[in-house]
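# Overview (structure and organization)
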Amino acid sequence: MVGGRITRLSVHDVRFPTSLGAHGSDAMHTDPDYSAAYVIIETDAKDGLKGYGITFTLGKGTEVVVCAIKALSHHVLNKDLGDIVRDFRGFYRQLTSDGQLRWIGPEKGVVHLATAAVLNALWDLWAKQEGKPLWKLLVDMDPKQLISCIDFRYITDALTEEEAYEILQKGSIGKKEREEQMLECGYPAYTTSCAWLGYSDQQLKQLCNEALKEGWTRFKVKVGADLEDDIRRCRVIRDIIGPEKILMVDANQRWDVPEAIEWMLKLAEFKPLWIEEPTSPDDILGHATISKALAPFGIGVATGEQCQNRVIFKQLLQAEALQFLQIDSCRLGSVNENLSVLLMAKKFQIPVCPHAGGVGLCELVQHLIIFDYISISGSLENRICEYVDHLHEHFKYPVVIKKASYMPPKDAGYSTEMKEESVKKHQFPGGEVWQKLLAAQQN
């Protein structure tokens, strides 16, 4: 029986100094410190279970998300978890429709990141109380219950509740076989860990060769700061991985629309599957223009990690502005909003290839994409999930990769729980790691 009155919501500012090794560096974010606003929800239920939720950040600014989480906490405290999940759509809307906080959203930016962290913790707690990993909780859920978790406001011109129900009903055919396939083979992944923009050529070569030995066949390269440098680095990587392996490039929003087209025509010789985030994530028509211009060269457009909400995704789909849709487990309003985007992607027949990496994004998004395959898309064609080999050691239930594929998690919950010692050491600014770094900076 799911339930328990929520008695406490605490939040921690957890940061890892990844900028020291240029890990995560790209054309727009040159010195990221992978970080998270980390939420813990406790109830008075006798099982003693806690819900853990995160939202991913890059260092400075995490304190702002922490403030927003605290500002939202009154919507959660003293509520019964059973009441929340029985009307999850209503609760989602209550959280995103706060009469005053909505003004600095709505459903985007810091407040939406905070909403994701809170909701991620609630989903983790729900799955734990059911004794299932989150993907399995979703797979086993009745279509009507799944739909009751989704706020369809603003997207009914693209997807109605009736259409969503029909998609889920059709998805039930062959579901058992697809679940067995996932448990045996896992979900195909690609690696971004080899080619951060701040890495030297020597580091690129070493990491690419190591990845090939480990069985990786799909590689992503960060581009966008300097054209000649991009050409050289793409050539280095293409020469190492050979013509048959898949290469993708990611500009992290660096270019104007004409510049994106011109730049990518110069990189077309390396046969990239896609260009990711070629321009502003809010520029729907710009993405459509780039998509149309690059189509004759076999280059798709991928975007979504900075897509603010289901409404922007709706328009990207309606405008035929992307060929690969990249959901993010913390940018959107948690599982609830991601469900709506997965269903829209299915209706528009666009493959979902999630964004991951950071702090815990791989741990979270694996649940969503495994569920998508089993219950919604039913296809692995042109579908891969990002993997970044950083910081998994800080999680109690880290991802398991075998033969370049995500193996479905078996532990109950959303895989969001971090090790207490890691949280303690990396809390900002009082944790041991930051006390040493800040002291060194002052000397």
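Here, every reference points to the structure presented above.
All of the points below concern the structure found in this document. Owing to the predicted nature of the structure, the values given are computational and were not obtained by experimental measurement.

Our next topic: the overall build of the protein. Along the protein, the regular secondary structure elements total 17 helices and 12 strands. Expected size for 443 residues packed as a compact globule is a radius of gyration near 22 Å; at 21 Å, the protein falls within 12% of this value. When its C-alpha atoms are laid out on the principal axes, the protein stretches across 60 × 60 × 45 Å. Relative to all contacts within the protein whose residues are 6 or more apart in sequence, the contacts with residues 24 or more apart total 76%. Carbon and sulfur atoms form 51% of the exposed surface of the protein, whose accessible area is close to 17,700 Å².

What follows deals with the sheet that holds strand S3 (residues 50-57). The sheet built from 3 strands is open, its strands ordered S1-S2-S3 with antiparallel pairing. Two strands in the sheet have a free side with no partner beyond their single neighbour: strand S1 (6-15) and S3. Here the average twist between neighbouring strands, direction ignored, is 15°. Pairing analysis gives 8 bridges linking strand S2 (residues 35-43) to S3, with the strands arranged antiparallel. Each residue of the ladder has a partner; that of tyrosine 38, found in S3, is isoleucine 54. Across the sheet, helix H1 (residues 62-72) touches S1, S2 and S3, and the angle it forms with S1 is around 175°.

Here the focus is a negative patch on the surface. Together, Glu210, Glu214, Asp389 and Glu393 make up a region of like negative charge exposed at the surface. Owing to a relative accessible area of 55%, glutamate 214 belongs among the exposed residues under this scheme.

What follows covers the pattern of salt bridges. Counted under the stated rule, the structure contains 29 salt bridges. With a shortest N-O distance of 2.5 Å, glutamate 107 and arginine 310 are connected by a salt bridge. Taken as a pair, glutamate 107 in the loop between helix H3 (88-96) and helix H4 (109-130) and arginine 310 in helix H13 (residues 310-318) lie far apart in primary sequence, 203 residues in all. The exposure class of arginine 310 is buried, given its relative accessible area of 1%. Because the salt bridges share partners, they merge into one network encompassing Arg93, Arg102, Glu107, Asp151, Arg310 and Glu337.

Glancing now at the packing of aromatic side chains. Taken as a whole, this structure holds 12 aromatic pairs when the rule is applied. Geometrically, the ring pair formed by phenylalanine 428 and tryptophan 434 is edge-to-face, given 5.3 Å between the ring centres and 80° between the ring planes. With a relative accessible area of 28%, phenylalanine 428 lands in the partly exposed category. A network of ring pairs unites the aromatic residues Phe88, Phe91, Trp123 and Trp126 as a single cluster.

Proline 106 follows glycine 105 through a cis peptide bond whose omega is -20°. With respect to the element layout, proline 106 can be found in the loop between H3 and H4. Backbone torsion omega between phenylalanine 428 and proline 429 reads 0°, so that peptide bond is classified as cis. Within the secondary structure, proline 429 is located in the loop between helix H16 (420-426) and helix H17 (432-442). Here the phi dihedral of asparagine 78 falls at roughly 70°; this positive angle occurs in a residue that is not glycine. Along the chain, asparagine 78 falls in the loop between H1 and helix H2 (81-86). Phi is positive for glutamine 349, close to 60°, though the residue is something other than glycine. In this structure, glutamine 349 sits in the loop between helix H14 (334-348) and helix H15 (361-377). On the accessibility criterion, glutamine 349 (57% relative accessible area) is exposed.

Moving on, we get to H1. Those residues of H1 lying buried are Thr62, Val65, Val66, Ala68, Ile69 and Leu72. Buried residues of H1, viewed axially, fall in a sector of 160°; they line one side. Looking at H1, the residues exposed on the side facing more than 90 degrees away from the buried face are Cys67 and Lys70. Buried-residue contacts for H1 involve S1, S2, S3, H3 and H4.

About the cut-offs
- Residues numbered from 1 in each chain as written.
- Predicted model: local features only at pLDDT ≥ 70, side-chain atom pairs only at ≥ 80, totals over all residues.
- Heavy atoms only, no water.
- Helix = DSSP H or I, 4+ residues; strand = E, 2+ residues; numbered from the N terminus.
- Rg over C-alpha atoms; globule rule 2.2 N^0.38 Å.
- Contact = heavy atoms within 4.5 Å.
- Areas by Shrake-Rupley, 256 points an atom, 1.4 Å probe, with all protein chains shown as cover.
- Pairing = 2+ DSSP bridges.
- Axes fitted to C-alpha atoms, helices over the stretch in contact; angles between N-to-C directions.
- Patch = residues over 30% accessible without salt bridge, like charges linked within 9 Å, V, L, I, M, F, W, Y side chains within 5 Å.
- Salt bridge = Lys/Arg side-chain N within 4 Å of Asp/Glu carboxyl O.
- Lys, Arg positive; Asp, Glu negative; His and termini not counted.
- Charge placed at Lys NZ, Arg CZ, Asp CG, Glu CD.
- Buried < 20%, exposed > 50% of the residue type's maximum accessible area, 1.4 Å probe, protein only.
- Phe/Tyr/Trp six-rings, centres within 6.5 Å; stacked < 30°, edge-to-face > 60°.
- Arc of directions from axis to C-beta.

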